[in-house]
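Read off the chains here:
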2 protein chains.
Amino acid sequence: MKKFVNAVDSILTESLAGFAAAHEGLVALGEGGAFLRRARLKPNKVALISGGGSGHEPLHAGFVGYGMLDAACPGQVFTSPTPDQMSAAAKAVETGAGVLFIVKNYSGDRMNFEMAAEILDGPVETVLTDDDVAVENSTYSAGRRGVAGTLIVEKIVGAAAEAGRDLKALKALGEKVNARTRSMGVALTSCTVPAAGCPTFELGEKEMEMGVGIHGEPGRRRVPLTSADAIAEEMVGAIAGNLGAEIHGDAVLLVNGFGGTPLMELYLMYHAARAQLEKRGAKIARSLVGNYVTSLDMAGCSITVSMTDDELLPLWDAPVETAALRWAR
Amino acid sequence: MKKFVNAVDSILTESLAGFAAAHEGLVALGEGGAFLRRARLKPNKVALISGGGSGHEPLHAGFVGYGMLDAACPGQVFTSPTPDQMSAAAKAVETGAGVLFIVKNYSGDRMNFEMAAEILDGPVETVLTDDDVAVENSTYSAGRRGVAGTLIVEKIVGAAAEAGRDLKALKALGEKVNARTRSMGVALTSCTVPAAGCPTFELGEKEMEMGVGIHGEPGRRRVPLTSADAIAEEMVGAIAGNLGAEIHGDAVLLVNGFGGTPLMELYLMYHAARAQLEKRGAKIARSLVGNYVTSLDMAGCSITVSMTDDELLPLWDAPVETAALRWAR
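Let me begin by describing the structure that accompanies this report.

Rules and cut-offs
Residues numbered from 1 in each chain as written. Chains lettered and ligands numbered in written order. Predicted model: local features only at pLDDT ≥ 70, side-chain atom pairs only at ≥ 80, totals over all residues. Pairing = 2+ DSSP bridges. Helix = DSSP H or I, 4+ residues; strand = E, 2+ residues; numbered from the N terminus. Axes fitted to C-alpha atoms, helices over the stretch in contact; angles between N-to-C directions. Contact = placed C-beta atoms within 7 Å. Nonpolar A, V, L, I, M, F, W, Y, C, P; charged D, E, K, R; others polar. Core = buried A, V, L, I, M, F, W, Y, C linked by C-beta atoms within 7 Å. Buried ≥ 20, exposed ≤ 12 C-beta atoms within 10 Å, placed from the backbone. Least-squares fit on C-alpha atoms with pLDDT ≥ 70 in both. Parallel < 35°, antiparallel > 145°, perpendicular 65-115°, else oblique.

### Things to note about the sheet that holds strand β8 (residues 181–187) of chain B
Residue and element names in this part refer to chain B.
Part 1 of the reasoning: If you trace the six strands from one edge of the open sheet to the other, you get β10-β9-β8-β13-β11-β12, paired in mixed fashion. Every other strand in the sheet has two partners, leaving β10 (221–224) and β12 (283–290) as the edge strands with one partner each. Mean inter-strand twist for the sheet, computed between neighbouring axes without regard to direction, equals 20 degrees.
Part 2 of the reasoning: Bridge analysis of strand β11 (residues 250–257) against strand β13 (residues 300–307) gives seven bridges, and the strand direction is antiparallel. Bridge assignment links Asn 256 to a residue of β13, and that residue is Ser 302.
Part 3 of the reasoning: Contacting β8, β9 (207–210) and β13, helix α6 (residues 228–243) runs over the sheet at an angle of about 155 degrees to β8.

### Side note on the sheet that holds strand β5 (residues 71–77) of chain A
Paired through backbone hydrogen bonds, the strands of a sheet run either parallel or antiparallel to each other.
Residues and elements named next belong to chain A.
Part 1 of the reasoning: Spatially, the six strands line up as an open sheet ordered β1-β2-β5-β3-β6-β7, and their pairing is mixed. In this open sheet, the two edge strands, each paired with only one partner strand, are β1 (27–29) and β7 (124–129). Between one strand axis and the next, the sheet turns through 20 degrees on average, direction left out of account.
Part 2 of the reasoning: Taken strand by strand, helix α1 (residues 11–22) contacts β1, β2 (36–38), β3 (47–54) and β5, and its axis lies near 145 degrees from that of β1.
Part 3 of the reasoning: Here helix α3 (residues 107–119) sits on the sheet and contacts β3, β6 (99–104) and β7; the angle it forms with β6, its principal contact strand, is near 165 degrees.

### Overview of the interface of chain B and chain A
When the parts of a complex come together, some accessible area is lost, and that lost area is often used as the size of the interface.
Part 1 of the reasoning: Contacts between the two partners involve 48 residues from chain B and, on the opposite side, 48 residues from chain A.
Part 2 of the reasoning: Those elements that place two or more of their residues in the side of chain B that touches chain A are α1 (11–22), α6, α7 (263–279), β12 and β15 (326–327) of chain B.
Part 3 of the reasoning: Counting residues per element, the side of chain B that touches chain A draws most heavily on α7 of chain B, which supplies nine residues.
Part 4 of the reasoning: When grouped by side-chain class, the residues that make up the side of chain B that touches chain A number 25 nonpolar, 14 polar and nine charged.

### With respect to the nonpolar core
Part 1 of the reasoning: Of all hydrophobic cores here, the largest spans 229 residues; its most connected members are Ile 49, Ile 156 and Met 269 of chain A together with Ile 49, Ile 156 and Met 269 of chain B.
Part 2 of the reasoning: Filtering out sequence-adjacent residues up to four positions away, Ile 49 of chain A remains in contact with Leu 69, Asp 70, Ala 71, Cys 73, Met 86, Ala 89, Ala 90, Val 93, Val 99 and Phe 101 of chain A.

### Looking at the relation of the copies chain B and chain A
Part 1 of the reasoning: Here chain B sits on chain A after a turn of 180 degrees about the axis and a move of 0.0 Å along it, with an RMSD of 0.0 Å. The transformation relating the two chain copies, once decomposed into turn and shift, fits a two-fold axis. Within chain B, Gly 260 of chain B has its C-alpha nearest the rotation axis, a separation of 2.1 Å.

### Some words on the pairing of strand β3 (residues 47–54) of chain B
Residues and elements named next belong to chain B.
Part 1 of the reasoning: Counting buried residues in β3 gives eight out of eight residues, a clear majority hidden from the surface.
Part 2 of the reasoning: Across four bridges, the pairing between β3 and strand β6 (residues 99–104) is parallel. Considered in β6, the bridge of Leu 48 is made with Leu 100.

### Description of the packing of α1 of chain A against α7 of chain B
Part 1 of the reasoning: Interhelical geometry of α1 of chain A versus α7 of chain B gives an angle of 70 degrees and a closest axis separation of 7 Å. Regarding the angle of α1 of chain A to α7 of chain B, the classification is roughly perpendicular. Of the residues in α7 of chain B, those touching α1 of chain A at Ile 11, Glu 14, Ser 15, Ala 17, Gly 18, Phe 19, Ala 21 and Ala 22 of chain A are Met 264, Tyr 267, Leu 268, Tyr 270, His 271 and Arg 274 of chain B.

### Details of unusual backbone geometry
Part 1 of the reasoning: A cis amide bond links Glu 57 of chain B with the next residue in sequence, Pro 58 of chain B, at an omega value of 10 degrees.
Part 2 of the reasoning: As for its position among the elements, Pro 58 of chain B is in the loop between β3 and β4 (65–66).
Part 3 of the reasoning: Cis geometry is found at the peptide bond from Leu 59 of chain B to His 60 of chain B, where omega equals -5 degrees.
Part 4 of the reasoning: Residue position: His 60 of chain B is located in the loop between β3 and β4.
Part 5 of the reasoning: One non-glycine residue, Leu 296 of chain A, adopts positive backbone phi at about 55 degrees.
Part 6 of the reasoning: In this fold, Leu 296 of chain A is placed in the loop between β12 (283–290) and β13 (300–307).
Part 7 of the reasoning: Accessibility expressed as a C-beta count within 10 Å gives 28 for Leu 296 of chain A, which makes it buried.

Pasting the structure below:
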């Protein structure tokens, strides 16, 4: 295992301490390092909280800040955070308008966020994300997995929360965005979980895992590595097939790297994916290309398509200032 | 070779087309795809142009935009762009105040930018960057190599250009920043140049290349992989030794990934590097952590320290809006 580490047990705490120090003024470490929170809270704004296993950076801590999340709870690598972390985060950032949890659809995350909601006194709602069209059930999830589309839900709901929408409206908005968002991923290599010390799965020198999950879970099929265009065609085809007639409209296109794939290849995949989408009737209204929802050091990428409209696009465009996503259009 | 490609010959054009489409409104492809330019130019502002071999994305195209570069000329992977590309870019973005080339110190880049300056009629100046303290001469360079510190030169000079400084003052400013900026890199794996199809160099399962160049050039020594703290200590030690007494002051700290190392490890390295710098008397005034000056899919990172002052820090903080770097402090 070739990684920058001191000891496997301290990776998360050292990395979080580095993150908090690098982005001082924007975020702060919560009590005992259990969560990351916005440095400045806004009174009477619904508090948005997400979390999940680490290893997907910048998700979620990188999305804490103005116009997006109020707190993020990181678990150990690929391991759900605990209900205690979540309830502590909620108590720290709740400012009088309730709490909305944004939860990727994995059994451990769901269970722990549900327990946290029970611990908490005040109003708490949850939006589940399940944008991955690759498989219907998977190693860690009943139903579809929540993957990179979660970023789009967090951005749009975050903008609406900043604008003062109430808890119920935000839950409905999150569900609307999730319902219009589809993703699919492909792995060229496995990732290596530090505590395991060896690759999660084995891929032949000329193989890829089509439909891979963000923890290296199996996808649809293991196939020979083919051209970028053919890969994009299969992924966009699966997404478009799942969207059906909805594909004829304005879309946000996210080409997301898994951590080990350079930007040069991601832009090439964006080019291929965009052509496939336009061929199927979509109009690319906004684009995002980079490493946003990663799987440690996995080489590979995912394509996310989120159909947008007159309500959603201004919320996507609204100013955001986080470690990993920032703009003031 | 496991990469997202259609054909080796078309990687650059497809990737650039994707980049230009993804960042429409911010950048545009120049004639024949020879360069990337700002979508909107500012009259009577010194035009800042950089360039070099591809494979280091987001450098340089990702830094084209308000407050930074006016154009970037990408060569083939790890190959200098041609004088024709550079002079075409200069003609396209010059708006009456002259042209400043920002050039990393590699023999091919220097020669071609010099030829471009000769082709051009108007006033042209050049700032050379040579921030890499690892070695004094290298495979592609006489003298020290220009590496991730180039980003800091481009940001600070870009802000000053936006504020209306003239060509001579900008050249002096760029040289001032370069003289206060030092970097060193380490590789845990080789990169793979697409046209070669195999790793540039071989590293044993438990080895690292200390002082590696951004094209995989040899560094100071090949040593056993050790702890993140020990790696940071050696790198910061080399940088601080080179800075001498200057280290006692305010610094911008950049921990830069080479493309194959996940953010979680980069923040851990930031944590280690910051502690080493503070121990040596530096105060970390600003921080940047991420993949900014990459080496294709190489796993590894570099540490850059740029000593700052009352002139430079406000220029670092000034608003910037590019594909890869954006803030409005």
